[in-house]
Amino acid sequence: MDILSEYLALCWLSNDPLELPRSESLLRKNLLIYFGIGYLLQANMIDDPFESFYEITLQVIFMLMFIGILLFLNKTLYLFVQIVTAFTLSANLISVLVVPVMVWLTVTEDLYSYYLFALLLAWYYAIIAYVIKHVMVINLAASMVLALLYFVVTFLGAFAVGQLI
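None of the values given here were measured: they were computed from a predicted structure.

This part covers a nonpolar patch on the surface. Residues Trp104, Leu111, Tyr112, Tyr114, Tyr115, Leu116 and Leu119 make up a contiguous nonpolar surface patch of roughly 750 Å² in combined accessible area. For the nonpolar patch, the element with the most residues is helix α5 (residues 111-136), which contributes 6 residues. Note on placement: Tyr114 falls in helix α5. Judged by relative accessible area, which is 40%, Tyr114 ranks as partly exposed.

Another point: helix α2 (residues 24-46). In an α-helix, one full turn covers 3.6 residues, which means residues spaced three or four apart are oriented alike. Under the 1.5 Å per step criterion, the end-to-end length of α2 is 32 Å for 23 residues, consistent within 8% with the ideal 33 Å. The complete set of buried residues in α2 reads Leu26, Leu27, Asn30, Tyr34, Ile37, Gly38, Leu41 and Gln42. Looking at the buried side of α2, the elements it contacts are α1 (2-11), α3 (49-73), α4 (80-108) and α6 (140-164). One or two residues past the end of α2 sits Asp47, with phi positive at roughly 60 degrees.

The rules behind each value
- Residues numbered from 1 in each chain as written.
- Predicted model: local features only at pLDDT ≥ 70, side-chain atom pairs only at ≥ 80, totals over all residues.
- Heavy atoms only, no water.
- Patch = residues over 30% accessible without salt bridge, like charges linked within 9 Å, V, L, I, M, F, W, Y side chains within 5 Å.
- Areas by Shrake-Rupley, 256 points an atom, 1.4 Å probe, with all protein chains shown as cover.
- Salt bridge = Lys/Arg side-chain N within 4 Å of Asp/Glu carboxyl O.
- Helix = DSSP H or I, 4+ residues; strand = E, 2+ residues; numbered from the N terminus.
- Buried < 20%, exposed > 50% of the residue type's maximum accessible area, 1.4 Å probe, protein only.
- Expected span 1.5 Å × (residues − 1).
- Contact = heavy atoms within 4.5 Å.

Set out below in structure tokens:
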């Protein structure tokens, strides 16, 4: 439980990602949860379970490759388990909060549901930029650009490759 609280503190931008404990079991659990929640969200949006499966699979592969390349270029590949865990745990937390907002958005199409959805996405973007800033030891603007690149590669890349299949 101690390890989980350290990773959750990262979601409030208050913990240093370089000092997070290494836990391969937490990584495996978070990857499974990330895949499961991502699959359910994708299946809800596109109504094709097979397409949802390979898109979320591509998304996970692209996320792992992006983080691996980023850490390799920075010569900090030894942090791979901690950083992937940080990315997936924060995504899982945001996803758990996004699910009821998406239901609210789908059922009512209330303007506030769109605002809350955008706020949750901005929070996830801030977490990713925060982690990248600390790992790469770069300024905030550069980390925001890399976080944007992460989202483009991971989400849009998986969607684009999924459309080609």
